[in-house]
Amino acid sequence: AATPAVPPPPAAPVAPAAPEAPEEIHGTVSGEIGGWRLGNIIQLQDGSRWKVISDDRLGFKTRSNPRVTLKKSYFNWWLSIDGTSFRTKVQQVEP
């Protein structure tokens, strides 16, 4: 007598892929900014905090709550003040 066919076990559910981290973030500085230097913390209105990690100093006319763009570049993030050429390398820090 033939052995009855055994149905295959049900497939395990496929876990959804983890969402990819954004390559670009747009935000607004919380308060005023008139430049930066190594170690400065820049806080955005969404509560995220970014530490300047490049050894560049820059001073410019103080701006209140300027819009900024953060762009991912390999292992680093670059923060730039929208509408200017001012940018610096940053890393996110815990609030």
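Now for a quick tour of the structure.

Definitions and limits used
Residues numbered from 1 in each chain as written. Predicted model: local features only at pLDDT ≥ 70, side-chain atom pairs only at ≥ 80, totals over all residues. Heavy atoms only, no water. Helix = DSSP H or I, 4+ residues; strand = E, 2+ residues; numbered from the N terminus. Buried < 20%, exposed > 50% of the residue type's maximum accessible area, 1.4 Å probe, protein only. Contact = heavy atoms within 4.5 Å. Salt bridge = Lys/Arg side-chain N within 4 Å of Asp/Glu carboxyl O. Pairing = 2+ DSSP bridges. Axes fitted to C-alpha atoms, helices over the stretch in contact; angles between N-to-C directions.

**Re unusual backbone geometry**
You will see that N65, though not glycine, has its phi angle at about 50°, which is positive. For Y74, which is not glycine, the phi torsion reads 55° and is therefore positive. Topologically, Y74 is positioned in the loop between β6 (67–73) and β7 (76–81). The exposure class of Y74 is exposed, given its relative accessible area of 76%.

**Observations regarding the environment of G34**
Positionally, G34 belongs in strand β2 (residues 32–36). Residues G34 and G59 lie 25 residues apart in sequence; the distance between their C-alpha atoms is 5.8 Å. Discounting residues that sit within four places of it in the chain, G34 has contacts with L58, G59, F60 and T62.

**Quick look at the pattern of salt bridges**
Taken as a whole and assessed by the stated rule, the structure comprises one salt bridge. Across the salt bridge formed by E24 and K71, the nearest N and O atoms sit 3.9 Å from each other. Remark: K71 occurs in strand β6 and E24 occurs in strand β1 (residues 24–28); sequence separation between them is 47 residues.

**Concerning the sheet that holds strand β8 (residues 87–93)**
Pairing within the open sheet is antiparallel, and its six strands lie in the order β1-β6-β7-β8-β4-β3. In this open sheet, the two edge strands, each paired with only one partner strand, are β1 and β3 (41–43). Neighbour-to-neighbour, the strand axes of this sheet turn through a mean angle of 35°, independent of strand direction. As defined by bridge partners, β7 adjoins β8 across four bridges and the pair is classed as antiparallel.

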